[in-house]
Amino acid sequence: MTTIDLSTSEPPAKAVPARPQRRALDWKAETERFALLGAWMLLIAIFGMLMPDSFLSWRNFSTMFGSQAVLVVLTLALLVPLTSGDFDLSGASVLTMSSMLIAVLNVREGWPIAPVILIALASGAVIGAVNAVFVLYFRIHSLIVTLGIGTFVNGLILWISQSQTISGISMDLVGWVIINRFLGIPLAFFYALLLAGILWYVLEFTIPGRKLLFVGRGREVSRLNGIAVDRVRAVSFIVSGLISAFAGVLYAGMTGSADPLSGLSLLLPAFAAAFLGATTISPGRFNAFGAVIAVYFLVTGITGLTMLGADAYVQNLFYGGALVIAVALSQLVRNRQPQDFS
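Residues numbered from 1 in each chain as written. Predicted model: local features only at pLDDT ≥ 70, side-chain atom pairs only at ≥ 80, totals over all residues. Heavy atoms only, no water.

- Per an unreviewed UniProt entry, the recorded name for the protein chain is ABC transporter permease, and the organism is Rhizobium quercicola.
- Taken directly from UniProt, the Subcellular location (unreviewed entry) text for the protein chain runs: "Cell membrane". (UniProt positions renumbered as here; feature names shortened; annotations may be inferred.)

What follows is the structure in structure tokens.
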């Protein structure tokens with residue numbers, strides 16, 4: 001019988017766990033993610049060199065940050081249905097209706113500002129629900145429905161306001177929107193940032209947010225995976241209307257009045273920012289912080305050109321051109337055919 005001398009035999013070698021391989025940094029992807037942010041910084045540097053005393057002043061930046069908070073919030077409102085594959089062209093009309101309701105009820109009827117704000121927000125949710133009914137129940141394209149509903153709402157605004165600008169909105173609202181400041185910036189800017197953070201969290205880390213993204217990527221595939229596609233789309237319209245109405249509350253507080261027409265001009269810049277924002281931070285996807293950066297990139301360009309003495313028509317050229325370029329870039333980033341929004 002053969003025996004094994006255990007005293008001289010070597011112990012079996014222990015398995016060494018493999019070291020996790022560090023993922024190589026994709027410089028191309030990172031450059032793409034932050035290209036718009038870099039372009040914004042470059043734009044600031046160029047105007048700063050041309051107008052160092054006026055453009056680079058903190059007063060100029062605080063004015064830009066605060067005055068464009070309404071546009072940021074409206075852009076975030078449009079992002080929600082865009083993410084699910086729908087358009088909402090009624091957003092600017094909802095904004096204007098919200099601000100006009102505040103003016104009519106608070107100034108003409110003498111109602112306290114708190115319940116009036118709640119009514120204004122509820123009006124946005126109701127208009128969003130009407131959009132959802134016509135799009136989903138009657139199967140009409142969202143572009144047609146929201147354009148028609150927006151035009152109808154514009155008529156209502158002219159009716160209840162008697163086609164007049166109403167001023168004298170409660171100073172409590174004005175104070176909490178633009179008079180009170182933090183770091184010299186109106187509080188409206190921080191409300192917009194907070195909303196962007198909430199929207200980012202919902203889309204990235206919650207089940208409803210992921211469902212919204214899946215529906216936008218492919219409705220039939222989402223249905224096959226058990227997602228209630230129509231319910232998700234309906235909620236997106238309602239949330240869009242609610243956020244648009246919140247933008248109207250900020251608009252009323254920022255101006256202290258309500259104009260039946262001026263809020264409508266924000267629709268084109270909001271769509272330009274939404275699509276341009278889809279090329280940064282999370283390229284190929286509508287995202288909240290990308291939209292915020294896009295808004296202030298566009299506003300910086302407009303502000304700089306205006307301070308250099310450019311004519312008023314430059315704003316339309318800038319926003320219109322930005323919208324076309326932004327849509328083209330977003331499609332290139334996605335590297336696929338345009339989405340089916342039907």
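1. Quick notes on the packing of helix α5 (residues 91-108) against helix α7 (residues 142-161)
Step number 1: Between α5 and α7, the shortest axis-to-axis distance is 9 Å and the interhelical angle comes to 20°. By the angle between their directions, the pair α5 and α7 is classed as roughly parallel. Viewed along their axes, α5 and α7 form a crossing whose handedness is left-handed. Each of S93, T96, M97, M100, L101, V104 and R108 in α5 lies in contact with α7, whose residues at this interface are G150, V153, N154, L156, I157, I160 and S161.
Step number 2: Taken together, the residues of the contact of α5 with α7 sort by class into eight nonpolar, five polar and one charged. (Axes fitted to C-alpha atoms, helices over the stretch in contact; angles between N-to-C directions. Helix = DSSP H or I, 4+ residues; strand = E, 2+ residues; numbered from the N terminus. Parallel < 35°, antiparallel > 145°, perpendicular 65-115°, else oblique. Left-handed = near helix turned anticlockwise from the far one by under 90°. Contact = heavy atoms within 4.5 Å. Nonpolar A, V, L, I, M, F, W, Y, C, P; charged D, E, K, R; others polar.)

2. A look at a nonpolar patch on the surface
Step number 1: Residues V126, V130, V133, F134, Y137, F138, I140, L143 and I144 make up a contiguous nonpolar surface patch of about 820 Å² in total accessible area.
Step number 2: Looking at the nonpolar patch, the elements that each hand over two or more residues are α6 (113-137) and α7.
Step number 3: Counting residues per element, the nonpolar patch draws most heavily on α6, which supplies five residues.
Step number 4: Relative to the helices and strands, F134 is located in helix α6.
Step number 5: On the accessibility criterion, F134 (35% relative accessible area) is partly exposed. (Patch = residues over 30% accessible without salt bridge, like charges linked within 9 Å, V, L, I, M, F, W, Y side chains within 5 Å. Areas by Shrake-Rupley, 256 points an atom, 1.4 Å probe, with all protein chains shown as cover. Salt bridge = Lys/Arg side-chain N within 4 Å of Asp/Glu carboxyl O. Buried < 20%, exposed > 50% of the residue type's maximum accessible area, 1.4 Å probe, protein only.)

3. Digging into unusual backbone geometry
Leave glycine aside and you will find that most residues have negative phi; peptide bonds, for their part, are mostly trans.
Step number 1: Backbone geometry places R139, a non-glycine residue, at a positive phi of 55°.
Step number 2: Topologically, R139 is positioned in the loop between α6 and α7.
Step number 3: On the basis of relative accessibility, which here comes to 52%, the residue R139 falls in the exposed class.
Step number 4: Not every positive phi belongs to a glycine, and I281 is a case in point at roughly 65°.

4. Looking at the pattern of salt bridges
Step number 1: One pass over the structure, following the stated rule, counts seven salt bridges.
Step number 2: The partner of E220 in a salt bridge is R223, with the nearest N and O atoms 2.8 Å apart. Note that E220 and R223 are positioned in helix α11 (residues 219-224) at a spacing of three residues, about one turn of the helix.
Step number 3: Residue E220 is classed as exposed on the basis of its relative accessible area of 55%.
Step number 4: A salt bridge links D230 to R223, with the shortest nitrogen-to-oxygen separation between them at 3.8 Å.
Step number 5: Here the residues in one salt-bridge network are R139, E220, R223 and D230, joined through shared partners.

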